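# Coordinate analysis (summary)
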Amino acid sequence: MTERPRLVQHYARFLPVTAATPALSLGEGFTPLVQLRRLGASLGLGNLYAKVEGTNPTGSFKDRGMVLAVSRALETGATAVICASTGNTSASAAAYAAAAGIECVVVLPRGQIATGKLVQTLIAGARVVAVDANFDQALTVVRALAEQDDHPVAIVNSVNPDRLEGQKTAAFEICDDLGRAPDILALPVGNAGNITAYWAGFGEYEAAGRVRGRPRMWGFQAAGAAPIVTGRPVERPDTIATAIRIGNPASWSRAVAARDESGGRIQAVTDEEILSAYRDLARMEGVFCEPSSAAGVAGIRNAAVAGELDPDAVIVCVLTGHGLKDPATAERSAPGLLEAEATVGSVSVALGW
Ligand code: F0G
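Figured I'd write up the structure that's included with this text. Model, not experiment: these values are computed from the prediction.

To continue, consider the overall build of the protein. Scanning the protein for helices and strands turns up 15 helices and 10 strands. For the protein, the residues scored as buried account for 54% of the 353 residues in total. Long-range pairs, those at least 24 residues apart, make up 71% of the contacts in the protein with a sequence separation of at least 6. Element-wise, carbon and sulfur atoms account for 52% of the exposed surface of the protein, whose accessible area totals about 15,200 Å². Distance between charge centroids for the protein: 3 Å, based on 31 positive and 36 negative side chains.

Let us look at a nonpolar patch on the surface. On the surface, Leu338, Val347, Leu351 and Trp353 cluster together into a nonpolar patch covering about 490 Å² of accessible area. Along the polypeptide, Trp353 turns up in the segment after α15 (344-351).

Let us look at the site of the ligand. Neighbouring the ligand are 19 residues; Ser85, Thr89, Asn191, Asn194 and Thr320 lie closest to it. Within the contact set of the ligand, an oxygen atom lies 2.8 Å away from a side-chain nitrogen or oxygen of Asn88. In isolation the ligand has 480 Å² of accessible area, and contact with the protein removes 98% of it. More than half of the atoms belonging to the ligand lie within 2 Å of the grid points that define the largest cavity. Elements represented by at least two residues in the shell around the ligand include exactly α4 (88-100) and α9 (193-207).

All right, on to the packing of aromatic side chains then. Applying the stated rule across the entire model yields 6 aromatic pairs. Look at Phe172 and Tyr205: their rings are 4.6 Å apart centre to centre, the planes differ by 20 degrees, and that puts the pair in the stacked class. A residue pair is termed long-range when its members are at least 10 positions apart, and Phe172 in helix α8 (residues 169-178) and Tyr205 in helix α9 qualify at 33 residues. The exposure classification of Phe172 matches that of Tyr205, with both residues buried. Pairwise contacts between aromatic rings join Tyr11, Phe14, Phe172 and Tyr205 into one cluster. The positively charged end of Arg13 is found above the aromatic ring belonging to Phe14, 4.9 Å away from the centroid. The ring of Trp218 has Arg265 sitting right over it, with the charged end atom 3.9 Å from the ring centre.

Our focus in this paragraph is the packing of α8 against α9. At their nearest, the axes of α8 and α9 sit 7 Å apart, and the two run at 50 degrees to each other. As judged from the angle between their axes, α8 and α9 are oblique. The handedness of the crossing between α8 and α9 comes out as right-handed. Between α8 and α9, the residues in contact are Ala170, Ala171, Phe172, Ile174, Cys175 and Asp176 and Tyr198, Gly201, Phe202, Glu204 and Tyr205, respectively. Class assignment of the residues belonging to the contact of α8 with α9 gives a composition of 8 nonpolar, 1 polar and 2 charged.

On to the sheet that holds strand β4 (residues 103-109), then. Neighbouring strands of a sheet are bound in pairs by backbone hydrogen bonds; such pairs are parallel or else antiparallel. Strand order in this open sheet of 4 strands is β5-β4-β3-β6, and the pairing throughout is parallel. Here the strands that pair on one side only, and so sit at the sheet edges, are β5 (127-131) and β6 (153-155). Averaged over all pairs of adjacent strands, the angle between their axes in this sheet comes to 20 degrees, without regard to strand direction. Note that strand β3 (residues 80-84) and β6 share 3 bridges and pair parallel. For Ile82, the partnering residue across the bridge sits in β6 and is Ile155.

Another aspect to go through is the pairing of strand β8 (residues 216-222). Within β8, 6 of the 7 residues are buried, which leaves the element mostly enclosed by the surrounding structure. Bridging between strand β7 (residues 184-188) and β8 involves 5 bridges; their strand directions are parallel. Residue pairing for β8: Ala186 is matched across the bridge by Trp218. Bridging between β8 and strand β9 (residues 265-269) involves 5 bridges; their strand directions are parallel. Note on β9: the bridge partner recorded for Gln221 is Ala268.

Below, the discussion takes up the pattern of salt bridges. If you walk through the whole model with that rule in mind, you get 15 salt bridges. Two residues, Glu204 and Lys168, come together in a salt bridge whose shortest N-O distance is 2.8 Å. One end of the pair, Glu204, is in helix α9; the other, Lys168, is in the loop between α7 (161-167) and α8, with 36 residues separating them in the sequence. With relative accessibility at 29%, the residue Glu204 sits in the partly exposed group. The class for Lys168 is buried, based on a relative accessible area of 2%.

Overall, mixed pairing links the 6 strands, which are arranged β1-β2-β10-β7-β8-β9 in an open sheet. Two strands close off the open sheet at either side, each with one partner strand: β1 (33-35) and β9. Direction aside, the axes of adjacent strands within the sheet are offset by 25 degrees on average.

Criteria and cut-off values
Residues numbered from 1 in each chain as written. Predicted model: local features only at pLDDT ≥ 70, side-chain atom pairs only at ≥ 80, totals over all residues. Heavy atoms only, no water. Helix = DSSP H or I, 4+ residues; strand = E, 2+ residues; numbered from the N terminus. Buried < 20%, exposed > 50% of the residue type's maximum accessible area, 1.4 Å probe, protein only. Contact = heavy atoms within 4.5 Å. Areas by Shrake-Rupley, 256 points an atom, 1.4 Å probe, with all protein chains shown as cover. Lys, Arg positive; Asp, Glu negative; His and termini not counted. Charge placed at Lys NZ, Arg CZ, Asp CG, Glu CD. Patch = residues over 30% accessible without salt bridge, like charges linked within 9 Å, V, L, I, M, F, W, Y side chains within 5 Å. Salt bridge = Lys/Arg side-chain N within 4 Å of Asp/Glu carboxyl O. Near = heavy atom within 4 Å. Polar contact = N/O pair within 3.5 Å; in protein donor to acceptor, adjacent residues only side chain to side chain. 1 Å grid on protein atoms, 1.4 Å probe; cavity = no way out; pocket = protein on both sides within 12 Å on 5 of 7 lines; lining within 4 Å. Sits in = over half its atoms within 2 Å of the grid points. Phe/Tyr/Trp six-rings, centres within 6.5 Å; stacked < 30°, edge-to-face > 60°. Lys NZ or Arg CZ within 6 Å of the ring centre and 35° of its normal. Axes fitted to C-alpha atoms, helices over the stretch in contact; angles between N-to-C directions. Parallel < 35°, antiparallel > 145°, perpendicular 65-115°, else oblique. Left-handed = near helix turned anticlockwise from the far one by under 90°. Nonpolar A, V, L, I, M, F, W, Y, C, P; charged D, E, K, R; others polar. Pairing = 2+ DSSP bridges.

Encoded structure:
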């Protein structure tokens with residue numbers, strides 16, 4: 001069999017791996033950079049792109065960091081991994097743990113996980129504990145459990161540095177595809193690991209002489225869960241964008257550093273703005289992401305409407321997860337079925353032809 005390049009090997013010189021690190025892979029990374037021609041034109045932007053992370057093996061960007069975190073957990077002799085999650089981290093952890101043949105334990109907020117993510121996690125054999133709490137409280141419990149000495153378990157939330165190391169690879173790919181660094185990178189911010197990882201990735205690529213310059217980092221939080229924007233933790237975060245329903249991000253200060261060092265911004269977008277961008281990505285570009293993922297596009301649209309963007313700027317929006325993760329929101333947001341009898345006449349009438 002001819003082997004395609006594996007993400008971790010391809011970028012090994014930038015990652016904490018050695019010959020002793022187990023070579024685990026489900027085919028993560030190398031995701032498409034799609035030019036958003038129609039959406040860009042509607043906003044007067046000539047160079048608007050989407051980094052479509054939903055094409056990763058479990059349908060989100062989490063696989064980039066999880067492949068490394070689970071490989072390194074194996075290397076250090078862990079027999080189990082544990083995480084708190086709004087759904088994507090758990091789906092990814094469950095899949096890589098299954099492939100590695102180790103146990104996966106998940107603690108998640110009951111009733112707040114999109115269906116696709118929950119079934120992905122369960123089918124892969126993870127043991128899932130639902131708690132009547134939010135993500136932040138679940139993560140506090142998980143951190144304490146991981147520190148107990150009697151269980152050789154590795155925490156695989158983004159507080160694990162290997163997660164962020166792996167997630168840097170998305171920044172490398174964007175630079176490789178564009179042949180340069182973008183002017184602006186726009187992305188949703190939840191626990192703030194991804195914005196931290198991208199900023200590190202762009203910095204390392206520049207330092208290695210692969211590109212000149214780094215993008216401004218533009219992060220967007222949902223208005224009902226925007227602690228970094230308001231400057232204080234949100235006790236009861238609330239948004240339809242369940243993936244980023246987080247009130248006290250673990251990488252808060254590093255997200256602020258990425259914003260400030262890059263001359264960027266972290267702003268709020270409303271649920272309506274998120275859903276509108278989510279629908280337009282599907283209808284105008286054929287790109288179906290999950291609602292949270294559209295937060296970056298929503299933020300770019302606000303900036304374009306406010307006249308804050310150079311029409312020629314190279315802008316990349318990270319679409320962090322696949323639309324099929326959350327079928328319920330898709331169904332509520334999409335047009336309904338037309339009804340007809342099975343005759344040419346009846347179908348024509350239904351179509352208004
Ligand atoms: N987009 C999606 C689809 C996510 O699942 C997440 C985080 C984010 C954006 C935000 O990324 O936390 O690095 O700022 N999901 C985590 C989880 C919290 O448990 O799956 P971040």
